[in-house]
Amino acid sequence: MADALVSIQIIPRTRNEEDTYSLVDEAIQVIADSKVKYEVHPLETTMEGDLRELLDIVDRMHRKMIEKGCPSVLSEVKIFYKPGGASMDELTAKYR
């Protein structure tokens, strides 16, 4: 059972101010490859799962950006942790 939601807005820095959309796509692919439930939104991506696993994914996303040549990465991360169960569907049901 999922115990956390983690939202991340990743902002890779490039050496010559290149477009970063392709890098953000690569970061989202790290999430997709992990097989956790996730939703992409205009300004952030939200994942659902075990908190430790989700934080590991955040780490892998940052490392992927460095592998792609970014000198640094800035991210905003939000965490909702509820040991009894955390669900995107539960938190957004009234809006759907």
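Quick summary incoming for the structure in this document. Here the residue numbering is sequential within each chain, running from 1 through the sequence in written order. Restriction of local features to residues with pLDDT of at least 70 applies here, the model being predicted, together with a cutoff of 80 or more for giving and counting side-chain atom pairs; totals for whole chains, interfaces and linings are based on all residues. As a rule here, side-chain values come from all non-hydrogen atoms in the structure, and water together with hydrogens is ignored.

Overview of unusual backbone geometry
No. 1: Phi is positive for Glu17, which is not a glycine, with a value near 55 degrees.
No. 2: Helix and strand assignments come from DSSP, with helices taken as H or I runs of at least 4 residues and strands as E runs of at least 2, each series counted from the N terminus. Relative to the elements of secondary structure, Glu17 occurs in the loop between strand E1 (4-13) and helix H1 (21-34).
No. 3: Residue class for Glu17 comes out exposed when judged on its relative accessible area of 74%.
No. 4: A positive phi is found at Lys35, a non-glycine position, where the angle reads about 70 degrees.
No. 5: Looking at where Lys35 falls in the secondary structure, it is placed in the loop between H1 and strand E2 (37-40).
No. 6: Per-residue accessibility, obtained with a 1.4 Å probe over protein chains only, is compared with the maximum for each type, and a residue is labelled buried under 20%, exposed over 50%, and partly exposed between these values. When its relative accessible area of 71% is taken as the criterion, Lys35 is described as exposed.

Description of the environment of Tyr81
No. 1: As for its placement among the helices and strands, Tyr81 is situated in strand E4 (residues 72-81).
No. 2: Given a relative accessible area of 46%, Tyr81 falls into the partly exposed group.
No. 3: Along the chain, Tyr81 and Asp50 lie 31 residues apart, while their C-alpha atoms are 9.2 Å from each other.
No. 4: Residue contacts are counted whenever heavy atoms from the two residues lie within 4.5 Å of one another. Not counting residues within four places of it along the chain, the set of residues in contact with Tyr81 comprises Asp3, Ala4 and Leu51.

Looking at the nonpolar core
For soluble globular proteins, the rule of thumb is that nonpolar side chains tend to be buried together.
No. 1: By convention a nonpolar core is built from buried Ala, Val, Leu, Ile, Met, Phe, Trp, Tyr and Cys residues, the set being connected through side-chain atoms within 4.5 Å. One finds Met47, Leu54, Ile57 and Met61 to be the most contacted residues of the largest nonpolar core, which totals 17 residues.
No. 2: Taken together, the elements giving at least two residues each to this core come down to E1, H1 and helix H2 (51-67).
No. 3: Here the element with the most residues in this core is H2; it accounts for 6 residues.
No. 4: If we skip the residues at most four places from it in the chain, Ile57 touches Val30, Ile31, Ser34, Val36 and Met47.

Purely spatial values, then, with no claim about function.
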